[in-house]
Amino acid sequence: MSFRVLSVVDKAVQFGGPFGVTIGADGLVYVADDMAHQIYVFDHDLQLRETIGQQGKHPGDLAWVDAVVVDSAGRMYIADTGNDRVQILDAQRQVLRVIGKRGTRPGEFRNPRGIALDSQQQLYVVDWGNHRVQVFDQAGNWLRHFGSFGTQPGQLHHPLGIFINATDDIFLCDFKNHRIQRFDRTGQVMAVWGTAGAEPGAFRHPSGIAQDRHGHVYVADYDNHRVQLFQADGKFLGSFGKAGEAPGELRQPTSVAVDAQQRLYVVDKGNKRLQVFARLP
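Residues numbered from 1 in each chain as written. Predicted model: local features only at pLDDT ≥ 70, side-chain atom pairs only at ≥ 80, totals over all residues. Heavy atoms only, no water.

**Q** Run through the packing of aromatic side chains, naming residues and quoting values.
**A** Inspection of the entire model under this criterion finds 12 aromatic pairs. Taking the centre distance of 4.8 Å and the plane angle of 45 degrees together, the rings of Phe 146 and Phe 183 count as tilted. One end of the pair, Phe 146, is in strand β13 (residues 142–146); the other, Phe 183, is in strand β16 (residues 179–183), with 37 residues separating them in the sequence. Across this residue pair, the class does not change: Phe 146 and Phe 183 are buried. Relative to Phe 236, the ring of Phe 230 lies with its centre 5.9 Å away and its plane at 70 degrees, an arrangement referred to as edge-to-face. Positioned above the aromatic ring of Trp 128, the side-chain terminus of Arg 113 is 4.4 Å from the ring centre. (Phe/Tyr/Trp six-rings, centres within 6.5 Å; stacked < 30°, edge-to-face > 60°. Helix = DSSP H or I, 4+ residues; strand = E, 2+ residues; numbered from the N terminus. Buried < 20%, exposed > 50% of the residue type's maximum accessible area, 1.4 Å probe, protein only. Lys NZ or Arg CZ within 6 Å of the ring centre and 35° of its normal.)

The following block contains the structure:
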(Lines give C-alpha, C1' and ligand atoms only; values in the text may rest on other atoms or scores of the structure.)
Protein backbone atom coordinates (compact mmCIF):
# COMPACT_ATOMS: atom_id res chain seq x y z
CA MET A 1 0.00 0.00 0.00
CA SER A 2 1.33 3.43 -0.88
CA PHE A 3 0.08 6.99 -0.79
CA ARG A 4 1.30 10.23 -2.28
CA VAL A 5 0.93 13.68 -0.77
CA LEU A 6 -1.51 15.95 -2.57
CA SER A 7 -1.50 18.96 -0.25
CA VAL A 8 -0.03 20.22 2.99
CA VAL A 9 -2.13 22.83 4.79
CA ASP A 10 0.02 24.85 7.15
CA LYS A 11 0.06 28.34 5.69
CA ALA A 12 -3.61 29.09 4.92
CA VAL A 13 -4.03 29.23 8.69
CA GLN A 14 -1.58 29.16 11.56
CA PHE A 15 -2.81 26.17 13.53
CA GLY A 16 -2.32 26.21 17.26
CA GLY A 17 -2.92 22.49 17.77
CA PRO A 18 -5.17 20.89 15.17
CA PHE A 19 -6.87 17.78 16.48
CA GLY A 20 -10.01 16.62 14.64
CA VAL A 21 -10.92 16.63 10.95
CA THR A 22 -14.20 15.78 9.25
CA ILE A 23 -15.74 16.18 5.82
CA GLY A 24 -19.17 17.78 6.06
CA ALA A 25 -22.17 16.67 4.06
CA ASP A 26 -21.49 19.88 2.09
CA GLY A 27 -18.07 18.55 1.08
CA LEU A 28 -16.25 21.21 3.07
CA VAL A 29 -13.34 20.30 5.34
CA TYR A 30 -13.70 21.12 9.05
CA VAL A 31 -10.71 21.10 11.40
CA ALA A 32 -11.07 21.42 15.18
CA ASP A 33 -8.06 23.17 16.71
CA ASP A 34 -7.91 22.47 20.42
CA MET A 35 -5.12 24.94 21.20
CA ALA A 36 -6.74 27.81 19.27
CA HIS A 37 -10.23 26.96 20.63
CA GLN A 38 -11.62 27.31 17.11
CA ILE A 39 -12.93 25.40 14.12
CA TYR A 40 -11.55 26.16 10.67
CA VAL A 41 -13.58 25.55 7.52
CA PHE A 42 -11.80 24.92 4.21
CA ASP A 43 -13.21 24.65 0.70
CA HIS A 44 -12.46 21.95 -1.88
CA ASP A 45 -9.20 23.72 -2.79
CA LEU A 46 -8.24 23.89 0.89
CA GLN A 47 -8.61 27.64 1.04
CA LEU A 48 -9.83 28.95 4.38
CA ARG A 49 -13.51 29.84 4.20
CA GLU A 50 -14.47 30.48 7.80
CA THR A 51 -13.24 30.53 11.39
CA ILE A 52 -15.69 29.63 14.15
CA GLY A 53 -15.45 30.15 17.89
CA GLN A 54 -13.30 31.82 20.51
CA GLN A 55 -12.09 30.74 23.91
CA GLY A 56 -14.70 31.05 26.63
CA LYS A 57 -17.55 29.44 28.52
CA HIS A 58 -20.60 31.18 27.07
CA PRO A 59 -22.79 29.44 24.47
CA GLY A 60 -20.91 29.63 21.17
CA ASP A 61 -17.53 29.89 22.93
CA LEU A 62 -15.17 26.93 22.86
CA ALA A 63 -12.40 25.46 25.00
CA TRP A 64 -9.90 22.84 23.82
CA VAL A 65 -12.30 21.69 21.11
CA ASP A 66 -11.34 18.24 19.79
CA ALA A 67 -14.00 17.13 17.28
CA VAL A 68 -16.78 18.33 15.02
CA VAL A 69 -19.30 16.74 12.64
CA VAL A 70 -21.67 18.47 10.19
CA ASP A 71 -24.98 17.03 8.95
CA SER A 72 -26.83 17.43 5.65
CA ALA A 73 -28.77 20.44 6.98
CA GLY A 74 -25.55 22.26 7.82
CA ARG A 75 -25.93 21.78 11.56
CA MET A 76 -22.60 21.57 13.35
CA TYR A 77 -22.10 19.28 16.36
CA ILE A 78 -19.07 20.20 18.42
CA ALA A 79 -17.30 18.25 21.15
CA ASP A 80 -16.48 21.27 23.33
CA THR A 81 -13.93 19.30 25.29
CA GLY A 82 -12.66 21.80 27.83
CA ASN A 83 -16.16 22.97 28.68
CA ASP A 84 -17.44 19.40 29.20
CA ARG A 85 -20.33 19.85 26.81
CA VAL A 86 -21.59 19.42 23.27
CA GLN A 87 -22.79 22.40 21.28
CA ILE A 88 -25.07 22.26 18.26
CA LEU A 89 -25.01 25.19 15.84
CA ASP A 90 -27.36 25.80 12.93
CA ALA A 91 -26.19 26.50 9.37
CA GLN A 92 -25.92 30.21 10.25
CA ARG A 93 -23.61 29.30 13.18
CA GLN A 94 -26.17 30.26 15.80
CA VAL A 95 -26.35 28.08 18.91
CA LEU A 96 -29.30 25.71 18.77
CA ARG A 97 -28.56 23.62 21.81
CA VAL A 98 -26.00 22.98 24.52
CA ILE A 99 -25.84 19.48 25.98
CA GLY A 100 -24.12 18.46 29.19
CA LYS A 101 -21.94 19.67 32.00
CA ARG A 102 -19.08 18.16 33.98
CA GLY A 103 -20.06 15.03 35.87
CA THR A 104 -20.56 11.29 35.76
CA ARG A 105 -24.33 10.97 35.50
CA PRO A 106 -26.21 10.28 32.26
CA GLY A 107 -25.90 13.32 30.00
CA GLU A 108 -22.85 14.64 31.85
CA PHE A 109 -19.27 14.50 30.58
CA ARG A 110 -15.66 14.46 31.62
CA ASN A 111 -13.96 15.80 28.50
CA PRO A 112 -16.03 14.75 25.47
CA ARG A 113 -13.46 14.14 22.73
CA GLY A 114 -15.15 12.39 19.80
CA ILE A 115 -18.48 12.86 18.08
CA ALA A 116 -20.48 11.16 15.31
CA LEU A 117 -23.98 10.79 13.87
CA ASP A 118 -25.70 7.56 12.84
CA SER A 119 -28.20 7.05 10.00
CA GLN A 120 -31.08 8.07 12.27
CA GLN A 121 -29.29 11.29 13.25
CA GLN A 122 -28.69 10.06 16.76
CA LEU A 123 -25.65 11.72 18.29
CA TYR A 124 -22.79 9.63 19.73
CA VAL A 125 -20.39 11.39 22.09
CA VAL A 126 -17.14 9.83 23.26
CA ASP A 127 -16.94 10.59 26.98
CA TRP A 128 -13.16 10.32 27.51
CA GLY A 129 -12.95 10.68 31.29
CA ASN A 130 -15.97 8.47 32.00
CA HIS A 131 -14.75 5.69 29.67
CA ARG A 132 -18.01 5.44 27.75
CA VAL A 133 -19.97 6.54 24.69
CA GLN A 134 -23.22 8.40 25.29
CA VAL A 135 -26.06 8.58 22.76
CA PHE A 136 -28.57 11.44 22.39
CA ASP A 137 -31.49 12.23 20.10
CA GLN A 138 -31.73 15.38 17.99
CA ALA A 139 -33.46 17.24 20.81
CA GLY A 140 -30.49 16.54 23.09
CA ASN A 141 -32.28 13.92 25.17
CA TRP A 142 -30.08 11.20 26.62
CA LEU A 143 -30.94 7.78 25.18
CA ARG A 144 -28.33 5.31 26.37
CA HIS A 145 -24.65 4.68 26.81
CA PHE A 146 -22.23 1.83 26.35
CA GLY A 147 -18.80 1.13 27.75
CA SER A 148 -17.22 1.14 31.20
CA PHE A 149 -13.67 1.27 32.48
CA GLY A 150 -11.62 -1.87 31.86
CA THR A 151 -9.72 -4.03 29.41
CA GLN A 152 -12.31 -6.66 28.45
CA PRO A 153 -14.13 -6.48 25.10
CA GLY A 154 -16.72 -3.74 25.34
CA GLN A 155 -14.84 -2.01 28.14
CA LEU A 156 -12.83 1.14 27.49
CA HIS A 157 -9.82 3.06 28.76
CA HIS A 158 -10.04 6.70 27.70
CA PRO A 159 -11.75 6.24 24.31
CA LEU A 160 -11.09 8.92 21.71
CA GLY A 161 -11.89 8.89 17.96
CA ILE A 162 -15.17 7.50 16.62
CA PHE A 163 -16.57 6.78 13.16
CA ILE A 164 -20.03 5.48 12.20
CA ASN A 165 -20.56 4.09 8.71
CA ALA A 166 -23.70 3.96 6.55
CA THR A 167 -24.85 0.69 8.13
CA ASP A 168 -24.37 2.08 11.65
CA ASP A 169 -21.30 0.06 12.51
CA ILE A 170 -19.40 2.02 15.16
CA PHE A 171 -15.59 2.07 15.05
CA LEU A 172 -13.97 3.37 18.23
CA CYS A 173 -10.37 4.13 19.17
CA ASP A 174 -9.83 2.60 22.60
CA PHE A 175 -6.89 4.93 23.15
CA LYS A 176 -5.20 3.68 26.32
CA ASN A 177 -6.03 0.03 25.63
CA HIS A 178 -4.13 0.43 22.32
CA ARG A 179 -6.85 -1.19 20.25
CA ILE A 180 -9.86 -0.66 18.03
CA GLN A 181 -13.32 -1.87 18.94
CA ARG A 182 -16.21 -2.20 16.53
CA PHE A 183 -19.78 -2.10 17.89
CA ASP A 184 -23.28 -2.33 16.48
CA ARG A 185 -25.63 0.58 17.13
CA THR A 186 -26.84 -1.00 20.39
CA GLY A 187 -23.30 -1.09 21.77
CA GLN A 188 -22.69 -4.82 21.28
CA VAL A 189 -19.10 -5.71 20.39
CA MET A 190 -18.60 -6.97 16.83
CA ALA A 191 -14.80 -7.04 16.63
CA VAL A 192 -11.71 -6.08 18.62
CA TRP A 193 -8.20 -5.75 17.22
CA GLY A 194 -4.81 -4.40 18.17
CA THR A 195 -2.40 -4.51 21.07
CA ALA A 196 0.29 -2.20 22.42
CA GLY A 197 3.38 -2.07 20.22
CA ALA A 198 5.02 -0.79 17.06
CA GLU A 199 4.73 -3.87 14.84
CA PRO A 200 2.22 -3.90 11.97
CA GLY A 201 -1.34 -4.02 13.32
CA ALA A 202 -0.30 -2.91 16.81
CA PHE A 203 -0.86 0.58 18.19
CA ARG A 204 0.61 3.14 20.50
CA HIS A 205 -2.49 5.17 21.33
CA PRO A 206 -4.84 5.03 18.32
CA SER A 207 -6.58 8.38 18.21
CA GLY A 208 -8.58 8.81 14.99
CA ILE A 209 -10.49 6.49 12.67
CA ALA A 210 -12.43 6.57 9.40
CA GLN A 211 -13.71 4.17 6.75
CA ASP A 212 -13.79 4.66 2.98
CA ARG A 213 -16.46 3.53 0.52
CA HIS A 214 -14.56 0.29 -0.12
CA GLY A 215 -14.82 -0.65 3.55
CA HIS A 216 -11.17 0.03 4.36
CA VAL A 217 -10.54 1.40 7.85
CA TYR A 218 -7.86 4.03 8.46
CA VAL A 219 -6.42 4.56 11.94
CA ALA A 220 -4.25 7.46 13.11
CA ASP A 221 -1.62 5.66 15.22
CA TYR A 222 -0.58 8.58 17.41
CA ASP A 223 2.69 7.59 19.05
CA ASN A 224 3.83 5.40 16.15
CA HIS A 225 3.61 8.46 13.88
CA ARG A 226 1.76 6.60 11.13
CA VAL A 227 -1.59 5.73 9.62
CA GLN A 228 -2.57 2.07 9.42
CA LEU A 229 -5.09 0.50 7.06
CA PHE A 230 -7.34 -2.48 7.89
CA GLN A 231 -10.29 -4.41 6.65
CA ALA A 232 -13.46 -3.90 8.68
CA ASP A 233 -12.78 -7.12 10.61
CA GLY A 234 -9.33 -5.89 11.67
CA LYS A 235 -7.17 -7.65 9.09
CA PHE A 236 -4.04 -5.56 8.59
CA LEU A 237 -3.53 -4.23 5.06
CA GLY A 238 -0.65 -1.79 5.37
CA SER A 239 0.60 1.49 6.78
CA PHE A 240 2.36 4.68 5.83
CA GLY A 241 4.17 7.49 7.56
CA LYS A 242 7.11 7.84 9.91
CA ALA A 243 8.24 10.46 12.40
CA GLY A 244 9.46 13.59 10.68
CA GLU A 245 8.62 16.98 9.25
CA ALA A 246 8.91 16.43 5.49
CA PRO A 247 5.72 16.13 3.42
CA GLY A 248 4.34 12.63 3.93
CA GLU A 249 6.02 12.26 7.30
CA LEU A 250 3.97 12.58 10.47
CA ARG A 251 4.34 13.57 14.07
CA GLN A 252 1.59 12.36 16.38
CA PRO A 253 -1.35 12.21 13.94
CA THR A 254 -4.68 12.55 15.73
CA SER A 255 -7.49 12.29 13.18
CA VAL A 256 -8.31 11.00 9.70
CA ALA A 257 -11.16 11.56 7.24
CA VAL A 258 -11.96 10.40 3.70
CA ASP A 259 -13.82 12.54 1.16
CA ALA A 260 -16.05 11.58 -1.78
CA GLN A 261 -13.01 11.43 -4.09
CA GLN A 262 -11.31 9.00 -1.69
CA ARG A 263 -8.70 11.53 -0.64
CA LEU A 264 -7.38 10.94 2.86
CA TYR A 265 -7.05 13.86 5.26
CA VAL A 266 -4.66 13.43 8.20
CA VAL A 267 -4.29 15.86 11.09
CA ASP A 268 -0.53 15.97 11.65
CA LYS A 269 -0.83 17.46 15.12
CA GLY A 270 2.81 17.46 16.12
CA ASN A 271 3.71 19.37 12.95
CA LYS A 272 0.68 21.70 13.30
CA ARG A 273 -0.66 20.93 9.84
CA LEU A 274 -3.19 19.02 7.79
CA GLN A 275 -1.92 16.65 5.08
CA VAL A 276 -4.00 15.28 2.21
CA PHE A 277 -3.07 12.00 0.52
CA ALA A 278 -4.15 10.02 -2.51
CA ARG A 279 -3.88 6.24 -2.48
CA LEU A 280 -1.91 4.87 -5.40
CA PRO A 281 -3.31 1.93 -7.41
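**Q** Could you give an account of the sheet that holds strand β2 (residues 18–23), with specific residues and numbers?
**A** Hydrogen bonding along the main chain pairs the strands of a sheet, whether they run parallel or antiparallel. Across the sheet, 4 strands lie side by side as β2-β3-β4-β5; this open sheet has antiparallel pairing. This sheet does not close on itself; its edge strands, each paired only once, are β2 and β5 (48–52). Strand-to-strand twist of the sheet, defined as the mean angle between neighbouring strand axes without regard to direction, takes the value 20 degrees. Bridge count for strand β4 (residues 38–42) against β5 is 4 bridges, and the pairing is antiparallel. Bridging across to β5, Ile 39 finds its partner in Ile 52. (Pairing = 2+ DSSP bridges. Axes fitted to C-alpha atoms, helices over the stretch in contact; angles between N-to-C directions.)

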